[in-house]
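# Overview (structure and organization)
Listed below, chain by chain, are the residues.
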Amino acid sequence: MDGKERKNIMSGKPVSIVLKEDQSTGRLTEGIVRDILTKSPNHPHGIKVRLMSGEVGRVKEVF
């Protein structure tokens with residue numbers, strides 16, 4: 001599923017995100033969503049989330 005729409009993402013779901021420092025390489029980090037940080041219903045670069053590990057990034061894929 002696409003990570004650009006907030007309705008596709010909820011706490012406890014596994015996702016792949018791009019961390020700020022990995023934006024140039026596009027390297028993905030997988031984890032479980034703890035908090036959704038983007039308030040708008042969609043975002044062109046992906047909804048920003050915090051994972052259970054504490055890492056923050058934009059969602060590229062929802063499993």
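What comes next concerns the included structure. (Residues numbered from 1 in each chain as written. Predicted model: local features only at pLDDT ≥ 70, side-chain atom pairs only at ≥ 80, totals over all residues. Heavy atoms only, no water.)

Here the focus is the nonpolar core. In terms of nonpolar packing, the biggest core is built from eleven residues, these being I9, V15, I17, L19, V33, I36, I47, V49, L51, V59 and V62. Among the secondary structure elements, those contributing two or more residues to this core are β1 (14-19), β2 (28-36), β3 (48-51) and β4 (56-62). Those residues within four positions of L19 in sequence are excluded, and the remaining contacts are T29, E55, V56 and G57. (Core = buried A, V, L, I, M, F, W, Y, C linked by side-chain atoms within 4.5 Å. Buried < 20%, exposed > 50% of the residue type's maximum accessible area, 1.4 Å probe, protein only. Helix = DSSP H or I, 4+ residues; strand = E, 2+ residues; numbered from the N terminus. Contact = heavy atoms within 4.5 Å.)

Let's shift gears to the environment of S53. Following the sequence through the fold, S53 ends up in the loop between β3 and β4. Sequence spacing of S53 and G31 is 22 residues, and the spatial spacing of their C-alpha atoms is 7.5 Å. A polar contact is formed between the side chain of S53 and the side chain of E55, at a distance of 2.9 Å. (Polar contact = N/O pair within 3.5 Å; in protein donor to acceptor, adjacent residues only side chain to side chain.)

Next up on the list: the side chain of S16. With respect to the helices, strands and loops of the structure, S16 is situated in strand β1. With relative accessibility at 2%, the residue S16 sits in the buried group. Leave out the neighbours within four places in its chain, and S16 touches L28, T29, E30, R58, V59, K60, E61 and F63.

For the coordinates displayed, the defined rule picks out three salt bridges. Residue E5 pairs with K7 through a salt bridge whose shortest N-O separation is 3.5 Å. On the accessibility criterion, K7 (64% relative accessible area) is exposed. Among the salt bridges present, the one from R27 reaches D22, with a minimum N-O distance of 3.1 Å. Given a relative accessible area of 52%, R27 falls into the exposed group. (Salt bridge = Lys/Arg side-chain N within 4 Å of Asp/Glu carboxyl O.)

For N8, the location among the structural elements is in the segment before β1. Looking at N8, the relative accessible area reads 15%, which means it is buried. In terms of polar contacts, N8 uses its side chain to reach the backbone carbonyl oxygen of D2, at 3.1 Å. The contacts of N8, once residues within four sequence positions are left out, are M1, D2, K13 and V62.

Our focus in this paragraph is the sheet that holds β3. If you walk around this closed barrel you meet the four strands as β1-β2-β3-β4, and the pairing is antiparallel. For this sheet the average axis-to-axis angle between neighbouring strands, irrespective of direction, equals 70°. Across five bridges, the pairing between β1 and β2 is antiparallel. Each bridged residue has a counterpart across the sheet, and for S16 the counterpart in β2 is E30. (Pairing = 2+ DSSP bridges. Axes fitted to C-alpha atoms, helices over the stretch in contact; angles between N-to-C directions.)

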